[in-house]
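# Fold and geometry: a report
Below, each chain spelled out in residue letters.
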There are 2 protein chains.
Amino acid sequence: MTDDLTRTIARSVWHGWGDPAERHTLPSHAWAFLEREIGASPLASRDLPVALADVVLPEPALTASARAALEAVVGAPQVRDDHATRVEHAGGKSFPDLVRIRRGDGSHAPDVVVFPGSPEEVQRVVEVCSEHEIALVPFGGGTSVVGGVSALRGRFAAAVTLDLRRLTAVPAIDPVSRVATLQAGLRGPEVEAALRPHGLTLGHYPQSHQEATIGGYVATRSAGQASTGYGRVDEMVLGARLATPAGELRLDAHAPASAAGPRLLDLVVGSEGALGVITEATVRVTAYPNATARGAWAFPTMAAAVEALRELAQRHGDDTLPDVCRVSDPRETQVSLTLAGAIGGRLLSYLRRRGQTDPVLGIFLWEGDSRVRVEQRRLGFASVMRRHGAVRLPAAVAGAWQRGRFSGPYLRDELLDHRVLAETLETATTWERLVPTYERVRDALLAQFAAQGTPAVVQCHISHVYAVGASLYFTCVARALADPVEQWLRVKAAASDAIVSTGATITHHHAVGTDHLPWLTAEVGELGVEVLRSVKVTLDPVGVLNPGKLVPPA
Amino acid sequence: MTDDLTRTIARSVWHGWGDPAERHTLPSHAWAFLEREIGASPLASRDLPVALADVVLPEPALTASARAALEAVVGAPQVRDDHATRVEHAGGKSFPDLVRIRRGDGSHAPDVVVFPGSPEEVQRVVEVCSEHEIALVPFGGGTSVVGGVSALRGRFAAAVTLDLRRLTAVPAIDPVSRVATLQAGLRGPEVEAALRPHGLTLGHYPQSHQEATIGGYVATRSAGQASTGYGRVDEMVLGARLATPAGELRLDAHAPASAAGPRLLDLVVGSEGALGVITEATVRVTAYPNATARGAWAFPTMAAAVEALRELAQRHGDDTLPDVCRVSDPRETQVSLTLAGAIGGRLLSYLRRRGQTDPVLGIFLWEGDSRVRVEQRRLGFASVMRRHGAVRLPAAVAGAWQRGRFSGPYLRDELLDHRVLAETLETATTWERLVPTYERVRDALLAQFAAQGTPAVVQCHISHVYAVGASLYFTCVARALADPVEQWLRVKAAASDAIVSTGATITHHHAVGTDHLPWLTAEVGELGVEVLRSVKVTLDPVGVLNPGKLVPPA
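Let me sum up the structure you'll find in this document.

### A closer look at the overall build of chain A
- In terms of helices and strands, chain A carries 19 helices and 18 strands.
- At 23 Å, chain A has a C-alpha radius of gyration in line with the 24 Å of a compact globule built from 554 residues.
- Taking the principal axes of its C-alpha atoms as reference, chain A extends roughly 75 × 60 × 50 Å.
- Out of the 554 residues in chain A, the part that is buried amounts to 59%.
- A separation threshold of at least 6 residues defines the contact pool for chain A, and within that pool the share at least 24 residues apart is 78%.

### Comments concerning the pairing of strand β18 (residues 469–479) of chain B
All names here are of chain B.
- The buried fraction of β18 is high, at 11 of 11 residues.
- Sheet analysis places strand β17 (residues 456–462) next to β18, joined by 6 bridges and oriented antiparallel. Looking across to β18, one finds that Cys460 is bridged to Phe474.
- What sits between β17 and β18 in their antiparallel hairpin is a turn of 6 residues.

### Description of the relation of the copies chain A and chain B
- For the match of chain A to chain B, the screw axis carries a shift of 0.0 Å, the RMSD comes to 0.0 Å, and the turn is 180 degrees. Here the copies are linked by what is in effect a two-fold axis. If distances are taken from each C-alpha of chain A to the rotation axis, the shortest is found for Ser534 of chain A, at 3.0 Å.
- Interface residue correspondence from chain A to chain B reaches 100%, placing this contact among same-surface, isologous pairings.

### Observations regarding the sheet that holds strand β6 (residues 179–183) of chain A
Residue and element names in this part refer to chain A.
- As summarised here, the arrangement of the 5 strands in space is β5-β6-β10-β8-β9, forming an open sheet in which the pairing is antiparallel. Pairing within the sheet leaves two strands with one partner each, and these edge strands are β5 (172–174) and β9 (247–251). Pairs of neighbouring strands in the sheet enclose a mean axial angle of 10 degrees, with direction left out of account.
- As defined by bridge partners, strand β8 (residues 237–244) adjoins β9 across 5 bridges and the pair is classed as antiparallel. Looking across to β9, one finds that Ala243 is bridged to Glu248.

### Looking at the pairing of strand β14 (residues 360–368) of chain A
All names here are of chain A.
- Here β14 lies mainly inside the structure; 9 of its 9 residues are buried.
- Burial along β14 is two-sided: Val360, Gly362, Phe364, Trp366 and Gly368 and Leu361, Ile363, Leu365 and Glu367, pointing in opposite directions, are all buried.
- As judged from the 9 bridges shared by strand β12 (residues 291–299) and β14, these two strands associate in the antiparallel manner. If you follow Ala293 over to β14, its bridge partner there is Trp366.

Calculation notes
Residues numbered from 1 in each chain as written. Chains lettered and ligands numbered in written order. Predicted model: local features only at pLDDT ≥ 70, side-chain atom pairs only at ≥ 80, totals over all residues. Helix = DSSP H or I, 4+ residues; strand = E, 2+ residues; numbered from the N terminus. Rg over C-alpha atoms; globule rule 2.2 N^0.38 Å. Buried ≥ 20, exposed ≤ 12 C-beta atoms within 10 Å, placed from the backbone. Contact = placed C-beta atoms within 7 Å. Pairing = 2+ DSSP bridges. Least-squares fit on C-alpha atoms with pLDDT ≥ 70 in both. Axes fitted to C-alpha atoms, helices over the stretch in contact; angles between N-to-C directions.

Here's what the structure looks like:
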């Protein structure tokens, strides 16, 4: 049986998100909304990507001896430099990445792409790149939205992208301990398909689930839509193999916890290809849930929603808190219900009659082993919601979100065709600072778009809830200027400055890449960066691993 | 109101555990048991520690200029080298530490002890020690059982112990986010006393709670008796200040989680004074529970108990699992009930009548905000227990454990007076390997004691339960040989070899110190050790911080 968690789709198209066959157009009422709010309207003639053949690539600079050395490791057919392969590996899926490649700018493409077939081959490829002084860029699903997979050359003449798609073995599943060892190239649906026959799930479903890989999850310290329930990837990882120029770092003690010094595994998690290439991860898995429940509620204010979630997240010995908690601010609620068409309009009218003029929509999912317990949690949750003034909506609202939960990014491609900018950014902070941080970042985004003459829809949701705080995820939509990359980078800088000024983290689950690099020092301090550099120098003395990402230059 | 969590006792006596006023003697039926099992009997004339004045200390080697520099930082009265102060800081509370100091061997005492009054003073003391090339040994509660606070000099002529007892401020409590910032020198009961007026608790109660400090918890990556419910210290820490010769490493983003690269905070947690001195920790706290429940159950076998705990620990969305889970193997059950006297005998008879000839005793505690939910958990637990063949015992059995939960270590002093060796060690592994690891380590301990002609009582309990595995905590009691340190080190080596051979961790919550150093490389690999060294060199270029601990020599 295949469902939305095990269904695989084609690897992402070079000029946009995922499989174009899955793309959907924007309905006319959505365009009417955008016209009214930001002055954007559909173009009669779409602003389409250039033809694949017209993407301009850097002149190859890989030496013959380096190429021979790579071919000696993986075999000649697994060292590819055809035009399409290079273009497909020219970058990730950030808004700047997409704008550049659509316009034919392939300057971030590698010289060649290698496709090793085992952790041992990855280790040798890493060593070859270090010996030959070639930049090496690991590539999993290629869904980075922070510049993480651009083949930047740094101080080197050539760049090799190491695509992990052939590392799809499942070396071990221990159904007793509920631990699985997975090769890094397994994509989200492939992980679920491997675990399902054992009655297990990883429980990690980022929006990029259909394309992204387990290696990418670990490398970016990611969180999924159900991480409130199942935990972030850093809470799941028990072991890893990291291929580095200094040798293989293998951390695989069979222990649920340890006091054997600093947890070195936490240097692998979030290492973003700059400290090594993750070839294998050993992770905690969970019984595939045989009971689920859904709920949708509307809160009178953002503050009321925050208080309700906080109360539940801070309860001890009471897991009433849903596995998925997604609360949209008034603007996102308005946008979502407007885009939903007639049904959304009826819900807005109903909420107005119930006294909610600026409702805050919450989508909640529970999963578990026991139908009784899932129902207990749902009922306990309902009584807390009512106490905080929330109004219950049909559970089908949550079902609609769940059905579309992996398809959001396709809209960006559709909007780009009509010269509309759409991008996201995110942070996390403690409960006490959550609403002020939300307001400050939102206002910074709105102000910076307005300053450029492109008023924006700026909406936000809370999607990951912890005992001490929560995440904030912003989406912005505005008319694109002639240089939309420059337009966005200004906005992004203003938002990042606002985030850092509140003491929140520069990224809750998107990683550092190139895009957050200028703000990392504010978060971990100069000495923290020094520590990171010392680890980098130990594992990658020549500095070939993913230059320009994660580690601020000295 | 003062209870067992907020009650402070005197700082530990130099020759043993805690406050001698709290010490208790062994009843005659306990001695009868030891005589029968290991041939040990009480001495008519106790083998007491030497007089304080007779402890032999190293010749002081601190230069006048170094002393002047230290005095310039903290003031002359806070640089102390009187005999008693030096002896009190000569080591921790491992069995070898106690044997040595009782016999008058103060060779691990520092030249002076400094008592800085603020994080800023700690920072300057650290810098002075680096400039003057003096070994620096941080000292919190002094309860290390792995040699972590011995003032080893390494390649330096002199050693300074930095006692953090004056760092007892509480810079911030955020009752909304439930986050507290605590100075490192606060002892367990002081932390609880500071949080109690806010209706909060840390939920971290190791057996050393009455003496140990929050700085020590973080430095040793510790776990407490209730960590199954409240989480380990590494799960609680959100931020820290670390004084290092390279400057202060300050990690205090106000975020519940982050994807901003590797989590550098995880290098601070478990740093054992070898990478810096923790002066402040920001931790997640929890509402002080207003509902509690207790339970005691006997399982027919260790395997049945393991299966029952595993089932509960692996449930998703169901926190029936108790906050405290403590399951004793048949030997520990027999010893506990025998030492309990007549009541224990009656319980053993009752269990025999119920068909349990080698019962496995489980002690369980639940805590929470809601009496209803605590009771639900307790009842849900009971039905799982019955399904695994467990027999319910009076909850008073759990109450008896709870009342004595911080007093166990005093017995060691009493036994040492009668030349009986008593020591513990611990590990953790995955569920699938738990029983085989338990058996292998137990058998290695028994065999090595037997090989030395001193048959031992070797008992074990599981005390920390996770979704993927659990901890194993062994206690050994045997007649002491003429050189009990050598006797124990042989046993310890055999057990450590057995642990490493199974792939389990060399320490679940005691840290590395000196005692586990020889086995760290087996756990994290040569390259892992290289990474640790590179971090050490960056933060402590001269290598003055806690020489001989944590970081294996090159």
